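Listed here are the chains, written in short residue letters.
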Amino acid sequence: MSEALDSKAIEELRQIAGRYPQARSGLLPMLHLVQSVQGRITPEGIETCAEILGISAAEVSGVATFYTMYKRRPVGDYHVGVCTNTLCAVMGGDAIFERLKDHLGVGNDEVADERAGDKATVSLEHVECNAACDFAPVVMVNWEFMDNQTPESATQLVDDLRAGTPVQSTRGPRLCTWREAERVLAGFEDGLADEGPAAGPASLVGLEIAREQGWTAPATAPGKGE
Amino acid sequence: MVSTSSTDGGAAPSTLTPVLTDNWDAERSWTLAAYEAGGGYAALRKALSTLQPDEIITMVKDSGLRGRGGAGFPTGMKWSFIPQDNPNPKYLVVNADESEPGTCKDIPLMMASPHTLVEGVILSSYAIRANHAFIYVRGEVLHVVRRLRAAVREAYDAGHLGKDIHGSGYDLDLVIHAGAGAYICGEETALLDSLEGRRGQPRLRPPFPAVAGLYASPTVINNVESISSVPSIVANGADWFASMGTEKSKGYVIYSLSGHVKRPGQYEAPLGITLRELLDLGGGMRDGHELKFWTPGGSSTPLLTPEHLDMPLDYESVGAAGSMLGTRALQIFDETTCVVRAVLRWLEFYKHESCGKCTPCREGTWWLVQNLAKLEKGEFRRDEGEQILDLLLDQCDNILGRAFCALGDGATSPVTSSVQYFRDEYLAHLDGGGCPFDPAASTAWAVREGVKQ
Ligand SMILES: Cc1cc2nc3c(=O)[nH]c(=O)nc-3n(C[C@H](O)[C@H](O)[C@H](O)COP(=O)(O)O)c2cc1C
Ligand code: SF4
Ligand code: FES
């Protein structure tokens, strides 16, 4: 089911290790690259990383199982994470997660069945605070922000993803696939940095008030700091 | 409105003081061109041509800048602990793991203005004489990773990074490193283990990272906001920075407001502003509702109540009130919110994120979740209630001060503070039928849809 790690992938794994003063520091991004090529952490991926770094497969496996972003089982083309940490949960994250489980017919960390006519698969997980509490309740898709969701917007979102309708992150580009996202996390640019806004509306609230009121930081006193 | 900053000129001081957030509304603010058009990298050019590394350390010390990642340790002092006679390379590591529940300031900063951080990294690395720096960013923020990488590429192309920066003879390489999902990797020594390609588990201290950090070499670890504050200090001077804030808590910071307020978002102000002032700026609580409880700086900082509305949000005042300023993650909950539900959810988070290295935290968070969950569902008898609350506090006692790192201590904060302020609400869960609250009334869409409140 998963592609083998070809010579290009192995070359790129070496390249990642080469970015660091000590090669082993590359292990986390290397595992992200394994996921982008193979769709999950495979025994082959573990062996290959171990070989490149000169450590045991058991050591690599111990690292891979420690971090929640590394998946033993495949996820969907679009991995949907609903924040259910307290702030988002209270603001509606719990209701969104319940609705999506029901709508997709899955439990936590499962892939929804691919139906006839679906263009892409979707998996569902609840996630911890994603540093976007001022946009609560927050849903992540392949680690892009989908801010200020409701149960209705979230079901529409997964329907669109399955139907292959393009979806834009509220603070980023058009959503790419999970594997493409993992490649960016491994350190390979995808040319999308300039997409999306500088900041979402909530990020700018204080700045807007300051502009309206004419408030600024103090001017530098003459002669100081020069 | 009460002013908290002092100025030389006598004009009415500003309540909000955008510095780090000031360029977030600029066209394509994340690009090098936009950042330089706003005066960016001028501090770097000035420093490399006119300032010795030690002079920058002195400036940062004199400014009074304290760490913005939670603990509030003086940044300049931390830098001066780096033993310059140590023959090993020195490293700067930026903590961009931002995972403390409620905390949401570093991510928008890096999204809107990654060059502010990159310029801060170069100045700070120069000051501590590091030739290699890392930004450890949590993996779950794809677009931020893109913007950071693009900024670093642009900075290399412009000669701000690499060999012999602007002819100064100073070399610096900067690597963007994406994590893989683990709150504990925000703890600085766990972060170092993670950056070395290991499981992220805290290290025994001493030795401290300043002496034996990354690759057992002298290492400074600072929060994104701390490092991003450095360019403004170098550009405007230590006195300018110290003219904002209070006697002991100097400078500006980002306050992050979330929850049941009219205008959640980022507010940059001098240290010492109050929650009442911040709420007033944004139009207060959502219509028809009142403040019930809040965190001053993330879920690891003890809860506060409306009685603390006029407490200055600086390190000393929040500490005196029995909590901590932390990350200034102001999570605001109104009277529709069940405090037991909120606390249980946080404890489930700590249990899940406990790295398992020490028993008090690994076992203690498990027990707390067991008991809180039973309590929430009303599965204890009413006449056991007081005993169960005492048991919860006992279990917290067994973690606090006995855990290997601050994650365990932090896990006890929501429990002890909520039992202190909301004893009766806990007991009300045992009056029959479990939680007396309707979760639908707390949602963001409750007001819109007129759910019974
Ligand atoms: C469990 C835990 C999580 C933490 N998470 C973060 C984090 O995400 N970002 C951060 O800057 N500091 C975090 N810290 C604090 C760091 O250990 C460290 O104090 C900080 O990065 C130092 O930087 P500063 O002095 O600039 O604040 C965390 C601490 C603990 C115990
Ligand atoms: S307190 Fe918790 S997170 Fe910290 S070392 Fe112990 S088990 Fe790990
Ligand atoms: S609690 Fe959901 S993003 Fe912070």
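Residues numbered from 1 in each chain as written. Chains lettered and ligands numbered in written order. Predicted model: local features only at pLDDT ≥ 70, side-chain atom pairs only at ≥ 80, totals over all residues. Heavy atoms only, no water.

Turning next to the pattern of salt bridges. Opposite charge on two side chains allows them to pair when their charged atoms are near. Overall, the coordinates contain 42 salt bridges over all chains when judged by the stated rule. Between R115 of chain A and D118 of chain A there is a salt bridge; the shortest N-O distance is 2.9 Å. Residue class for D118 of chain A comes out buried when judged on its relative accessible area of 13%. Across the salt bridge formed by D22 of chain B and R211 of chain A, the nearest N and O atoms sit 3.0 Å from each other. Highlighted residues: D22 of chain B in the segment before α1 (32-37) and R211 of chain A in helix α8 (residues 205-213), drawn from two different chains. Residue classification places D22 of chain B among the partly exposed residues on the basis of a relative accessible area of 35%. Take R211 of chain A: its relative accessible area is 41%, and that puts it in the partly exposed class. (Salt bridge = Lys/Arg side-chain N within 4 Å of Asp/Glu carboxyl O. Buried < 20%, exposed > 50% of the residue type's maximum accessible area, 1.4 Å probe, protein only. Helix = DSSP H or I, 4+ residues; strand = E, 2+ residues; numbered from the N terminus.)

Another aspect to go through is the packing of aromatic side chains. Applying the stated criterion across every chain, the model contains 17 aromatic pairs over all chains. A ring pair is formed by Y20 of chain A and F134 of chain B, whose centres lie 6.1 Å apart and whose planes are at 0 degrees; its orientation type is stacked. Residue Y20 of chain A is found in the loop between α1 (7-17) and α2 (27-38), and its partner F134 of chain B is found in strand β2 (residues 132-137); the two belong to separate chains. Ring geometry for F333 of chain B and W346 of chain B: centres 5.9 Å apart, planes at 85 degrees, overall edge-to-face. Of this pair, F333 of chain B sits in strand β8 (residues 329-334) while W346 of chain B is found in helix α15 (residues 339-353), placing the two residues 13 residues apart along the sequence. Judged by its relative accessible area of 0%, F333 of chain B falls in the buried class. For the cation-ring pair, R183 of chain A lies above F188 of chain A, with the distance from its terminal atom to the ring centre recorded as 4.5 Å. A cation over a ring is seen here: R147 of chain B above W30 of chain B, with NZ or CZ 3.7 Å from the ring centre. (Phe/Tyr/Trp six-rings, centres within 6.5 Å; stacked < 30°, edge-to-face > 60°. Lys NZ or Arg CZ within 6 Å of the ring centre and 35° of its normal.)

We now examine the confidence of the model for chain B. For chain B, per-residue confidence averages 95 on the pLDDT scale, and residues scoring 70 or more make up 96% of the total. For residues 1-9 of chain B, every residue scores under 50 in pLDDT, and the model assigns this stretch 21 contacts once sequence neighbours within four places are set aside. (pLDDT = per-residue confidence, 0-100. Contact = heavy atoms within 4.5 Å.)

Okay, the site of ligand 1 next. Residue and element names in this part refer to chain B. Taken together, 18 residues lie near ligand 1, and G69, N95, N222, N223 and S226 sit nearest. Between an oxygen atom of ligand 1 and a side-chain N or O atom of N222, the distance comes to 2.8 Å. Considered on its own, ligand 1 offers 610 Å² of accessible surface; in the complex 90% of this is hidden by protein. Only β4 (219-223) and α18 (406-421) provide two or more residues apiece to the shell around ligand 1. Residue composition of the shell around ligand 1, grouped by class: four nonpolar, eight polar and six charged. (Near = heavy atom within 4 Å. Polar contact = N/O pair within 3.5 Å; in protein donor to acceptor, adjacent residues only side chain to side chain. Areas by Shrake-Rupley, 256 points an atom, 1.4 Å probe, with all protein chains shown as cover. Nonpolar A, V, L, I, M, F, W, Y, C, P; charged D, E, K, R; others polar.)

With that settled, the discussion passes to the interface of chain A and chain B. Facing the 84 residues of chain A at the interface are 96 residues of chain B. Contact with chain B buries surface across chain A, with F66, V90 and W215 of chain A losing the most and accounting together for 9% of the total. Our enumeration of links across chain A and chain B arrives at nine salt bridges. Put simply, E208 of chain A and R263 of chain B hold a salt bridge, and the shortest N to O gap is 3.4 Å. (Buried area = accessible area lost by both parts, 1.4 Å probe.)

So, about unusual backbone geometry. Omega for the peptide link from A136 of chain A to P137 of chain A comes to -5 degrees, which places this bond in the cis form. One can find P137 of chain A in the loop between β3 (122-127) and β4 (139-141). P207 of chain B follows P206 of chain B through a cis peptide bond whose omega is 5 degrees. In this structure, D109 of chain A is a non-glycine residue whose phi angle is positive, near 60 degrees. Structurally, the position occupied by D109 of chain A is in the loop between α5 (86-104) and β2 (110-111). In this model, H166 of chain B sits at a positive phi of 50 degrees, which is unusual for a non-glycine residue.

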